[in-house]
Every structure is written in C-alpha cells, then in structure tokens.
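# Observations on the model geometry
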Amino acid sequence: MDGNGNRVLIIYHNQDLDGVVSASVARLYYSFFNDVAIRLVGYNYGEPIAKIEDAVKIHNPDTIIVTDISFGSDTESVFRSWQMNDLDVVWIDHHKTAIESSERWEWPVEGLRRVGDAATALAWKWFGNKAKEEDEGWWKTWWRNTPLIIQAVSDYDVWNTGSNIGWDNILDIQYGLRSKIGLDPERAYTAMCSRIKSNLDDIAVKGKAIRDYERQKFETQAKANAFRGLCCGYKAMFVNTLDFGSLIFETFDSDPDIQVLVCFSVNVGKGRVRFGIYPHPSGGGDVDCGKIAKLFSGGGHVGAAGFEVSIFNAVWMGFTHTNDIEAPKKESDKKEVPRDNRTLAC
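Remember, predicted model here, so these are calculated numbers, not experimental data.

This part takes up helix α9 (residues 185-195). Listed in full, the buried residues belonging to α9 are Ala188, Tyr189, Ala191, Met192 and Arg195. Contact partners of the buried residues in α9: α1 (17-31), α7 (148-157), α8 (167-181) and α10 (201-224). Residue Asp184 occupies the N-cap position of α9, its side-chain oxygen lying 3.0 Å from the main-chain nitrogen of Glu186.

A separate point is the sheet that holds strand β3 (residues 63-67). Pairing in this open sheet of five strands is parallel, and the strands run β2-β1-β3-β4-β5 from one edge to the other. Sheet topology places β2 (37-43) and β5 (110-113) at the edges, where each strand pairs with a single neighbour. Ignoring which end each strand starts from, the neighbouring axes of this sheet average 10 degrees apart. Looking at chain direction, β3 and strand β4 (residues 88-93) are connected through five bridges and run parallel. Counted as the bridge partner of Ile65 is Val90 from β4. Against the sheet, α1 makes contact with β1 (7-13), β2 and β3, and its axis sits at roughly 165 degrees relative to β1, the strand it touches most. Sheet strands touched by helix α3 (residues 75-84): β1, β3 and β4. Its angle to β4, the strand with the most contacts, is close to 150 degrees.

The next subject is α3. Listed in full, the buried residues belonging to α3 are Thr75, Val78, Phe79 and Trp82. Looking down the long axis of α3, one finds its buried residues gathered within 95 degrees of arc, a one-sided arrangement. On its buried side, α3 packs onto β1, α2 (50-59), β3 and β4. Where α3 terminates, the next one or two residues include Asp86, which has phi positive at roughly 65 degrees.

Okay, the pattern of salt bridges next. Taken as a whole and assessed by the stated rule, the structure comprises 14 salt bridges. Residues Asp288 and Lys96 are paired through a salt bridge, measuring 3.4 Å at the closest nitrogen-oxygen approach. Within this pair, whereas Asp288 is found in the loop between β9 (272-279) and α12 (289-294), its partner Lys96 is found in helix α4 (residues 96-102), the two being separated by 192 residues in sequence. We note that Asp288, like Lys96, is buried. When the shortest N-O distance is used, the salt bridge between Arg211 and Asp168 registers 3.3 Å. Remark: Asp168 occurs in helix α8 and Arg211 occurs in helix α10; sequence separation between them is 43 residues.

Another point: a positive patch on the surface. Taken together, the side chains of Lys125, Lys132, Lys140 and Arg144 present a region of like positive charge at the surface. Tracing the backbone through its elements, the reader meets Lys125 in helix α5 (residues 119-134). The class for Lys125 is partly exposed, based on a relative accessible area of 47%.

Below, the discussion takes up the packing of α1 against helix α6 (residues 136-143). Axis separation between α1 and α6 bottoms out at 13 Å; the angle between their running directions is 145 degrees. The way α1 lies across α6 gives a crossing that is right-handed. Contact residues: α1 offers Val25, Leu28 and Tyr29, while α6 offers Trp138, Trp142 and Trp143. Residues that form the contact of α1 with α6 fall into these classes: six nonpolar, no polar and no charged.

Further remarks concern the sheet that holds strand β10 (residues 299-300). Ordered by their spatial adjacency, six strands build an open sheet running β6-β7-β8-β9-β11-β10, and the pairing between neighbours is mixed. Sheet topology places β6 (226-231) and β10 at the edges, where each strand pairs with a single neighbour. Pairing of strand β8 (residues 260-267) with β9 involves eight bridges; the strand directions are antiparallel. Bridging across to β9, Phe264 finds its partner in Phe275.

We now examine the environment of Gly46. On the secondary structure map, Gly46 appears in the loop between β2 and α2. Residue Gly46 is classed as partly exposed on the basis of its relative accessible area, which comes to 44%. Considered as a pair, Gly46 and Arg274 are 228 residues apart in the sequence and their alpha carbons are 9.3 Å apart.

In this section: the nonpolar core. Counting residues in each nonpolar core, the largest one holds 48 residues, and the members touching the most others are Phe127 and Trp143. Ranked by residue count, the leading element in this core is α1, at nine residues. If sequence neighbours within four positions are ignored, Phe127 has contacts with Val25, Ala26, Tyr29, Tyr30, Ile65, Ile92 and Trp143. Membership of the second largest hydrophobic core comes to 23 residues, among which are Val41, Ile69, Phe79 and Trp105.

What counts and what doesn't
Residues numbered from 1 in each chain as written. Predicted model: local features only at pLDDT ≥ 70, side-chain atom pairs only at ≥ 80, totals over all residues. Heavy atoms only, no water. Buried < 20%, exposed > 50% of the residue type's maximum accessible area, 1.4 Å probe, protein only. Helix = DSSP H or I, 4+ residues; strand = E, 2+ residues; numbered from the N terminus. Contact = heavy atoms within 4.5 Å. Polar contact = N/O pair within 3.5 Å; in protein donor to acceptor, adjacent residues only side chain to side chain. Pairing = 2+ DSSP bridges. Axes fitted to C-alpha atoms, helices over the stretch in contact; angles between N-to-C directions. Arc of directions from axis to C-beta. Salt bridge = Lys/Arg side-chain N within 4 Å of Asp/Glu carboxyl O. Patch = residues over 30% accessible without salt bridge, like charges linked within 9 Å, V, L, I, M, F, W, Y side chains within 5 Å. Areas by Shrake-Rupley, 256 points an atom, 1.4 Å probe, with all protein chains shown as cover. Lys, Arg positive; Asp, Glu negative; His and termini not counted. Charge placed at Lys NZ, Arg CZ, Asp CG, Glu CD. Left-handed = near helix turned anticlockwise from the far one by under 90°. Nonpolar A, V, L, I, M, F, W, Y, C, P; charged D, E, K, R; others polar. Core = buried A, V, L, I, M, F, W, Y, C linked by side-chain atoms within 4.5 Å.

Read these as layout, nothing more, since geometry by itself doesn't imply function.
Pasting the structure below:
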C-alpha cells in the first residue's frame, strides 16, 4: 500500500509495557505502507513539554500518534497547535483524569479513548478498524482477532483480575515480557510481531520463576523501607521502592488498617521523585487515585495513578493539605494549591 511519503511521529508513555506495546501496534499499522517514515519518541509525565516540541520540529511529521500519555495542563494547547498547523493528530488513551478534561474541549481529536481498556487494546482496536477500511483481507489476516500478547499486556495495566487468561498467568506473562523487552521499543516491536499468532507459554514459565524470586526479595526490602502516614486524609502505607507493581499488593494485602498504598522512588540525577498511588485491596474502595494525582499535576485511573515532583517539592509537599479530593462543582469554588506550598505532614 502506498504511504505517499507520509512522516509519522509516535509519542508514547515510556514507563510501562502498555505504553511501549501500544506504540508497537501503531508502528505495525504504518509498517504495511510503502514510503512511510516512522519515528518514536518516549515521554513521561512531568517531563518538560519542550521535549515533545523539539521532536516535532526535528521530525517534521504529517501525522502524530499519541498513545497512553497526555501532557497535563498543556494537553489541550499542544494538540490544538498541531491541528492548526495542519497535522493529523490521533490520541489513544485510557486515563480517567485526562479523558474527563478533554470532554470540556470545544474541538475534536481523532482516536480512541475509553476508561477500562488499556492503551494497547485500544490501539489494536483503532488501527484494526483503520485496516478494515483500507483492505478487508488485510484486516482478516492480521487484525480481526486480538492476540494473546495484546490482551495480556492490557489486562495487567488495567488490573483486570477477572481476566479469562487467569490473573496468575497475567502476572507471570508480565514478568516474562519485562525480562524480554524491558522498556525498549525495538525489542517490544520484535516481540509483539513474533507473538501475534502464537502462545506465551514459554514467557509465562520464565516470568513465574522471576516473580517468585522477586516476591521474596521485595517483601524483605519493602517492609524495611515502609512507613505509615496520611494521603489526603486516607490511612496510607508509603514504600520506598523502584517496583511500582503487583508485588506491593502481595506484600501488604493482609493489613486491615491501610486504605492507600503509595510507592515512591528518588532519581537523584534528575532531581525528581516519582509517586504511584493505589487503593488497598480491602480498605480503599472509596479512594479515587486519579483525583489525588491530579492535585499534583499527575493523572491516572481510579485504581492506579501517579505523578512526579522535584526533590525540593517532595521534601515539603504533603498529602494532608486537604481532606476533600472531589473536584470543585463551580468555577468560583476552585482553589489553586501553589506547587511550592504543598506541605508534607505524613
């Protein structure tokens, strides 16, 4: 198929498999066209928006695909500026806070956004529909059925514990894929393409061995680096760890006096602190993690969210500046919390 010399820039969330694999799905679609130049740029919440602006200037794309990521308060203005410069913009996302913000925009952005399905599954759906419009035979051969690798990555990211694959199997596949792919987009693309029509049994076996080892190591380290506090009025367990994943639930799932689990890690070189927020399986039923993260210019889902701040702000920042994490009902009721005055009282 003729790509007419189109230049495609794929901007993706570079901190988890959902972002990396959803970018691979977009790359797969455009790889079927002749004469299309494809470039990938990873981005994470809290990074300077100049990183994206510079990438657009360097690669001079005709089409921009944004998957599993948005740009905080700059999202609307960034997308609008691209559209006003006659660029085709496609945005694929599943983060509740970003989607809710976009519903107030007065102009549309092409793509697929839905809470409950991860970006990888949404990308497969979106580009599969585009393929069907191009060539139904192509769609039947490649896109009609959702591959196991797509479902497994997606179910893990949205914490679909009722997945028909089986939750333990989902976790094993996740760890196996991490060992094979890391967060490298080239390895992710190769792994995805090679597994579109095959099972993941060998990856699951490898992942189970890794998971068993990591569970034992994490439990010892996490409990030594954990402390109790408050997160927007909720009883929280704070854990200094690099692993923002399932192991934290397995380690603290039996503690009935926790409502929120908060992971954090310090990147001294960049001068940043990364936070991940999760409701506790037994006591966090009324917690909206996405709303908490949005207070600090982050975002995410009801059941998982995150943000980054500078080390300086992290020292002084606190989750107890308010007990009300509900969005103000009226414009006049909005209270702006100065970024440098969020005090930590945990």
